[in-house]
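What the coordinates show
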Amino acid sequence: EGTLNCPGISFQWSPLLTTASLLSILTALNKTAGSGKSITFAAVHQTAINNDSACTAQYNLALAAGWTFAFI
């Protein structure tokens, strides 16, 4: 639970995050306005997000809220 209230955050060095952890992070993003804010994930996270409908839904909500995503 909580929010992520910083201009940029990176999880690119945490490739072992579980789908549950990704969902938690994405859900927290949606509790904070994302305009001008970015988040970076490892490339493997993009596949995990795309393969889980709950993660995909939260990802799309975060995009609509103005968050910028990078997958490295």
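The preceding data block contains the structure.
Just so it is clear, the structure is predicted and the values come from calculations on it, not from any experiment. (Residues numbered from 1 in each chain as written. Predicted model: local features only at pLDDT ≥ 70, side-chain atom pairs only at ≥ 80, totals over all residues. Heavy atoms only, no water.)

1. Comments concerning the environment of T27
Keep this limit in mind: Only runs of H or I of at least four residues qualify as helices and only runs of E of at least two qualify as strands under DSSP, and these elements are numbered from the N terminus. Polar contacts, as used here, are pairs of N or O atoms within 3.5 Å; protein pairs need one atom able to donate a hydrogen and one able to accept it. Residues neighboring in sequence count only if both atoms are side-chain atoms.
For T27, the position within the fold is in helix α1 (residues 19-29). Along the backbone, T27 and Y59 are 32 residues apart, and their C-alpha atoms lie at a distance of 8.2 Å. Of note is the side chain of T27, whose polar atom sits 2.7 Å from the backbone oxygen of L23.

2. Let's talk about the packing of aromatic side chains
Note the threshold: For this analysis, a ring pair means two rings from Phe, Tyr or Trp (six-membered ring only for Trp) whose centres lie within 6.5 Å, classed as stacked if their planes differ by under 30 degrees, edge-to-face if by over 60, and tilted for the remaining angles. Type-normalised accessible area, obtained with a 1.4 Å probe on protein chains alone, sets the label of each residue: buried when under 20%, exposed when over 50%, and partly exposed for intermediate values.
Using the criterion set out here, one finds six aromatic pairs in the structure. Here F41 and F71 contribute two aromatic rings whose centre-to-centre distance is 6.0 Å and whose plane-to-plane angle is 20°, an arrangement assigned as stacked. In this pair, F41 is assigned in strand β2 (residues 38-41) and F71 in strand β3 (residues 68-71), connecting sequence segments 30 residues apart. The class of F71 is partly exposed, set by a relative accessible area of 22%. Centre to centre, the rings of F69 and F71 are 6.4 Å apart; their planes meet at 10°, and the pair counts as stacked. We classify F69 as buried; its relative accessible area is 13%. Members of the aromatic cluster, connected to one another through ring pairs, are F11, F41, Y59, F69 and F71.

3. Details of the nonpolar core
For the record, the criterion: Think of a nonpolar core as a cluster: buried Ala, Val, Leu, Ile, Met, Phe, Trp, Tyr and Cys residues, connected wherever their side-chain atoms sit within 4.5 Å.
Judged by nonpolar contacts, the single largest core of 13 residues is most densely connected at L26, L29, I39, F41, I49, W67 and F69. Of all the elements in the fold, those that place two or more residues in this core are α1, β2 and α3 (53-64). No other element matches α1, which puts four residues into this core.

4. Looking at the sheet that holds β3
To summarise the sheet geometry, strands pair through backbone hydrogen bonds and adopt either a parallel or an antiparallel arrangement. Note the following rule: At least two bridges found by DSSP between two strands are what make those strands a pair. Lines are fitted to the C-alpha atoms to define the axes, a helix being fitted only along its stretch in contact, and any angle between axes, read from their N-to-C directions, falls within 0 to 180 degrees.
Pairing within the open sheet is parallel, and its three strands lie in the order β1-β2-β3. Edge positions in the open sheet fall to β1 (8-11) and β3, since each of these has one partner strand only. On average, adjacent strands in this sheet sit at an angle of 15° to one another, irrespective of strand direction. With four bridges joining them, β1 and β2 adopt parallel strand pairing. Its bridge partner lying in β2, S10 is registered against T40.

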